[in-house]
Amino acid sequence: MSLFPQWREKTEGVVAPDERLPWPQTVAMGLQHVVAMFGATVLAPLLMGFDPNVAILMSGIGTLIFFFVVGGRVPSYLGSSFAFIGVVIAATGYAGQGANANIGVALGGIIACGVLYTLIGLAVMATGTGWIERFMPPVVTGSVVAVIGLNLAAVPVKNMAPTPFDAWMQAVTFLAVGAVAVFTRGMVQRLLILVGLIVASILYAVLTNGLGLGKPIDLSGIASAPWFGLPRFASPVFDASAMLLIAPVALILVAENLGHIKAVSAMTGRDLNPMMGRAFVGDGLATIVSGASGGTGVTTYAENIGVMAATRIYSTAIFVVAALIAILLGFSPKFGALIQAVPLAVMGGVSIVVFGLIAVAGAKIWVDNRVDFSDNTNLIVAAITLILGTGDFTLKIGGFALGGIGTATFGAILLYALLGGRKR
């Protein structure tokens, strides 16, 4: 397997993983993917007391590791995983403000998780994906993909609009993105997320900085931040209890990656199942490298799948560009300050669009595979899965909590295994 696919240039229509736009447009699309992942990739480390610039840097390096392991055949971006937040806080006793004093203990657990994840990937490579296909038919995969978007819905709606004005600005933002998607053509339409974010930010600045209707945009942090600076790297500490607490997150990462690959397969019309084991190994290795450097565990990002669904551009070249941009930005506190200056409400409005597109991608799997919902097995599996994930149904096993996406994923698999064998 070659390290790089031979990308064929294409200037219009759907762009496949082994195709690419002209390089200037590819760079622009790569920047859009950086914007799409940035909010979540920065938020996760902040919630755990990690350095956001390390997380950005490791997201770029992790994406390149993933790219090489899958031979450039699976379009995905790797960013900070939210699945680690609960167990990291539990393992370190993080109080929620400033740097995490026990970050080393968390990093050791993240590395252990990456090792377990890699071993699972190697097992899949050795045994094939037949058993995955048996337990993950279209009704299950469609439900899991939809849940990934629906589970995240409360983040922008409940947490990113603290005032009525912010809620209105979220509406303005998703209307701006929608207008760009429907009423523009060409490259502007392809950059709908980025263009919509810029338009909404300008409107926000006019209404707040200009008319005093809300919290004004503060640009002082951008002016004072240096152009170049090293992020705060940290070393792991291998504590057995922390490792046992954090390592099982690998099961959630497997579930997430599996759903993401299914979504990308449905969107591209290409069977990426043979790459499943390699994708797990790539994600696992990226998590190990990130944990060894002071970064969060990483996962293939639903946000970027949403962007692909909107743009219909699946070129893996875009993710190489996005990764290189992220690596550069990881060493630039000024850019970090610029992104963090984007109003929370605007980020929330963009998130509503992206998460919704992920949910619709799950429904598309059902439609494309003609899932029969007159079959009670399919009906019950989908119904319960959607509510488990959307309601963030959580099961605790000792100190380990399996959140909504995890319970929905494994719940869907178990429900189908229990109910699907009944012959009618």
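Placed above this text is the structure.
In this text the structure is predicted, and so the values were computed from the model without any measurement.

Undergrad: Before we move on, could you go through unusual backbone geometry and cite the residues and values that matter?
TA: Where the residue is not glycine, phi is negative for most of them; where a peptide bond is considered, it is trans in most cases. Even without a glycine there, the phi angle at R312 is positive, about 60°. Even without being a glycine, R370 presents a positive backbone phi close to 50°. When its relative accessible area of 77% is taken as the criterion, R370 is described as exposed.

Undergrad: I'd like to hear about the packing of aromatic side chains, residue by residue, with values.
TA: What the rule picks out here adds up to seven aromatic pairs. Relative to W23, the ring of W7 has its centre 6.2 Å away and its plane inclined at 85°; by these criteria the two rings are edge-to-face. Linking W7 in the segment before β1 (8-9) with W23 in helix α1 (residues 23-48), this pair joins segments that are 16 residues apart in sequence. Centroid distance F67 to F68: 5.8 Å. Interplanar angle 70°. Geometry classified as edge-to-face. The class for F68 is partly exposed, based on a relative accessible area of 35%. For the cation-ring pair, K334 lies above W227, with the distance from its terminal atom to the ring centre recorded as 5.1 Å.

Undergrad: Explain empty space enclosed by the protein residue by residue, including any values.
TA: On inspection of all chains with the given rule, the structure shows one cavity of 30 Å³ or more. There is about 30 Å³ of room inside the largest cavity. In terms of lining residues, the largest cavity is bounded by T63, F66, F67, V74, S76, T316 and F319. Elements represented by at least two residues in the lining of the largest cavity include exactly α2 (52-69) and α16 (316-330). Looking at the lining of the largest cavity, the element that brings in the most residues is α2, giving three residues.

Calculation rules
- Residues numbered from 1 in each chain as written.
- Predicted model: local features only at pLDDT ≥ 70, side-chain atom pairs only at ≥ 80, totals over all residues.
- Heavy atoms only, no water.
- Buried < 20%, exposed > 50% of the residue type's maximum accessible area, 1.4 Å probe, protein only.
- Phe/Tyr/Trp six-rings, centres within 6.5 Å; stacked < 30°, edge-to-face > 60°.
- Helix = DSSP H or I, 4+ residues; strand = E, 2+ residues; numbered from the N terminus.
- Lys NZ or Arg CZ within 6 Å of the ring centre and 35° of its normal.
- 1 Å grid on protein atoms, 1.4 Å probe; cavity = no way out; pocket = protein on both sides within 12 Å on 5 of 7 lines; lining within 4 Å.
- Points joined across faces, edges and corners; volume = space filled by probe spheres on them.

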